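A closer look at the structure
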Amino acid sequence: MRSTRARALPVLSLLLVGALGTGPLAPASADDSPVPVSPVGTPAPSAPGGEPTPSTPTASTAPAVPTVPTAPLAAPTAPPAAATATAARPTITLGATAPGRMDRPTTLTATARDAGGRPLPGRTVQLERGGGRLWTRVGTLTTVADGTATLPTRLPTPSTTYRAILMPAAAGDVAYASAPRTVTAPPAPTTTTLTAPASVVDERTVRLDIASSTTADGAGAGVAVPARVTVERRLGNGAWTPAATVQLSTAGTGSFTFAPRVTASYRVTTPAGAFWTGSVSSPRTITNLPPGTVVHLPAGSPQPRSMAAQPRATTAGVGAVVGAISSAQWARMSGISWHSGCPVGRSGLRTVDVNYWAFDGYRRRGRLVVNARAVKQYVAAFTGLYNARVPIRRIYPSETFGYAKASHGANDYLAMQSDNTSAFNCRWVTGRPGVNSPHSTGYAVDINTFENPYHTVKDGWLPNTWWPARSFGLIAWRSQSAVVVSIMRRSGFAWTYGTQDSQHFDVRR
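Figured I'd write up the structure that's included with this text. Fair warning: this is a prediction, and the values are worked out from it, not measured in the lab.

Quick notes on the rules
- Residues numbered from 1 in each chain as written.
- Predicted model: local features only at pLDDT ≥ 70, side-chain atom pairs only at ≥ 80, totals over all residues.
- Heavy atoms only, no water.
- Helix = DSSP H or I, 4+ residues; strand = E, 2+ residues; numbered from the N terminus.
- Buried < 20%, exposed > 50% of the residue type's maximum accessible area, 1.4 Å probe, protein only.
- Contact = heavy atoms within 4.5 Å.
- Areas by Shrake-Rupley, 256 points an atom, 1.4 Å probe, with all protein chains shown as cover.
- Phe/Tyr/Trp six-rings, centres within 6.5 Å; stacked < 30°, edge-to-face > 60°.
- Lys NZ or Arg CZ within 6 Å of the ring centre and 35° of its normal.
- Pairing = 2+ DSSP bridges.
- Axes fitted to C-alpha atoms, helices over the stretch in contact; angles between N-to-C directions.
- 1 Å grid on protein atoms, 1.4 Å probe; cavity = no way out; pocket = protein on both sides within 12 Å on 5 of 7 lines; lining within 4 Å.
- Points joined across faces, edges and corners; volume = space filled by probe spheres on them.
- Nonpolar A, V, L, I, M, F, W, Y, C, P; charged D, E, K, R; others polar.
- Core = buried A, V, L, I, M, F, W, Y, C linked by side-chain atoms within 4.5 Å.
- Disulfide = S-S within 2.5 Å.

This brings us to the overall build of the chain. Along the backbone of the chain there are five helices and 29 strands. Residues classed as buried in the chain amount to 44% of the 509 residues present. The contacts of the chain with a sequence gap of at least 6 include a subset with a gap of at least 24, amounting to 65%. Carbon and sulfur atoms make up 57% of the accessible area of the chain, which amounts to about 23500 Å² in all.

Set out below in structure tokens:
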């Protein structure tokens, strides 16, 4: 009867042996028990761009690597018969094409042959990436007639190491590993493109179309880059500043819709990513156009004093908002457009904020200070002017122009030279010291003062002598039938002084 020791000796032939004859895939432990190979059958996460599906996949779970009993073995008295089988073991090798750059596929080719160098078709081969004892499966393939199995893939890192495992053909067989193969390639350069309209009407939206891909080369077209890109904006020759971020789709495309309120340049920056380098698109300038008609005054007409343009309107229509006189507003008025002895105090005044059509064709927003009892008339009047698209140069409260000792109130001369439209101003009648102006009560308004001069006995026409004898569309009116005069009359105002003070209207009481 044979001893237990003699029966155990052939089992040693089941140890997992390396394809190149370098020994087991994993070394035996101190007690001669087999040590498992790095995890066989663990799926790998997809590389950037996705791992292509193998052309001849087998079952997703690889056969288990055989193990041997862990019971203590007696020393053999003679070489086991199974040891002679090592001379007939198969080989597994792994080759790879050089991709040139990371977005180009590399083809991994595993070749299985028997001891005589003949192809081993129909065998299961597992491809893994990693190193040392940490390997992760990237594909399970079946060899074809010539003993090869191929897998096209993209590198997940600039330098990636692969190996091929020839899985056991039957229970009791061993698995063999190829020598590791390291494939390297640099990240691919990218091209980012931005498509945008050349212009947009103010307050309307535009769409920026963005595309990012690796740059085409002799190997073919570029690959989509699904990056999170940054849309940047530059005003004039200023610095580029972030305006938005856009996540591109898997096709490497995306868009950004917004309403640009000023003329500006835009560009898109793609950051470096998993398999690509960063890039910046060419800039595109979008010109902001006014929604209204730009006023072109007659040749030779004088120009008023320039001032900063008021803010663009952000609400629809005239957008009239009536409010009490705030502390900040009162502080600005006190000692300039209001002072002790005025016929109306803070509680009797209101602010009326309105949108209007400016001379530059844009909708802008200004402020009037008016008598609280005349709010209805003012709102009606400026709603009518807005709806008729009557151009108004600007609407600043009268205190904006500072104090004038000559008029004992806000500087009406400077306001007219600036072509300002305003209402309340507790001052004397221009050219008549000591006589309160109708504006002192907040029941009067002056509109487009530069193109509609005022005549005084002492100083003649103010603020210029060019416009009194001329009318011009909706801007300068000289008759009761003029559009502006008609709108004001319907709204409860009187054109009190006619052409002697074309700019002036009084609330009828």
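So, on to the packing of aromatic side chains. Taken as a whole and assessed by the stated rule, the structure comprises nine aromatic pairs. Relative to tryptophan 276, the ring of phenylalanine 275 lies with its centre 4.9 Å away and its plane at 90°, an arrangement referred to as edge-to-face. Look at tryptophan 330 and tryptophan 338: their rings are 4.7 Å apart centre to centre, the planes differ by 50°, and that puts the pair in the tilted class. Given the relative accessible area of 15%, tryptophan 330 is considered buried. Here the aromatic residues Phe256, Phe258 and Tyr266 are joined through ring pairs into a cluster of three or more. Taking the ring centre of tyrosine 362 as reference, the NZ or CZ of arginine 312 above it sits at 3.7 Å. Over the ring of tryptophan 466 we find arginine 470, and its NZ or CZ is 3.7 Å from the ring centre.

Right, let's get into the sheet that holds strand β14 (residues 253–258). Within a beta sheet, neighbouring strands are joined by backbone hydrogen bonds and run either parallel or antiparallel to one another. In space, the three strands of this open sheet follow the order β9-β11-β14, with antiparallel pairing throughout. Because the sheet does not close on itself, it has two edges, and the strands there are β9 (190–195) and β14. Recorded for the sheet is a direction-independent mean angle of 15° between the axes of neighbouring strands. Where β9 and strand β11 (residues 206–214) come together, six bridges link them in antiparallel fashion. Across the sheet, threonine 192 pairs through a bridge with serine 212, a residue of β11.

Within the structure shown, the criterion is met by one cavity of 30 Å³ or more. Ser398, Asp412, Ala415, Ser422, Ala423, Asn425, Arg427, His439 and Asp446 together form the lining of the largest cavity. Across the lining of the largest cavity, the residue classes tally to two nonpolar, four polar and three charged.

Here we take up the pairing of strand β2 (residues 106–113). When strand β1 (residues 91–96) meets β2, the two strands line up antiparallel, connected through six bridges. In the sheet register, threonine 93 faces β2, and the bridge partner there is threonine 111. Pairing analysis gives six bridges linking β2 to strand β5 (residues 148–153), with the strands arranged antiparallel. Bridging from a neighbouring strand, threonine 107 pairs with proline 152 of β5.

Moving on, we come to the nonpolar core. Core analysis: the biggest nonpolar cluster contains 43 residues, and Ile92, Leu127, Ile210 and Val231 have the highest contact counts within it. If you look at the next biggest cluster of nonpolar residues, it comprises 32 residues, including Val354, Leu368, Val370 and Ala374.

To continue, consider the state of the cysteines. The tally for this structure, following the rule as stated, stands at one disulfide. Put simply, cysteine 342 and cysteine 426 are joined by a disulfide, and their sulfur atoms are 2.1 Å apart. With the S-S bond torsion at -115°, the cross-link from cysteine 342 to cysteine 426 turns out left-handed. Of the two residues, cysteine 342 is situated in the loop between α2 (327–333) and β19 (349–357) and cysteine 426 in the loop between α4 (412–417) and β23 (428–429); the sequence distance between them amounts to 84 residues. Judged by relative accessible area, which is 13%, cysteine 342 ranks as buried. Residue classification places cysteine 426 among the buried positions, given a relative accessible area of 2%.

One can find phenylalanine 258 in strand β14. The spatial distance from the C-alpha of phenylalanine 258 to the C-alpha of glutamate 203 is 9.4 Å, given a sequence separation of 55 residues.

Attention shifts here to unusual backbone geometry. Between leucine 462 and proline 463 the backbone carries a cis peptide bond, its omega angle lying at 10°. Inspection of the secondary structure assignment puts proline 463 in the loop between β27 (460–462) and α5 (483–490). Not every positive phi belongs to a glycine, and glutamate 203 is a case in point at roughly 80°.

Here we come to α5. Of all the residues in α5, the buried ones are Val484, Val485, Ser486, Ile487 and Met488. Where α5 is buried, its residues touch α3 (375–387), β25 (444–446), β28 (493–494) and β29 (504–507). Phi for glycine 492, located one or two positions after α5, is positive at around 100°.

In this section: the sheet that holds β1. Read from one edge to the other, the open sheet built from three strands follows the order β1-β2-β5, with strand pairing classed as antiparallel. Pairing within the sheet leaves two strands with one partner each, and these edge strands are β1 and β5. Here the average twist between neighbouring strands, direction ignored, is 15°.

So yeah, pure geometry; function would need other evidence.
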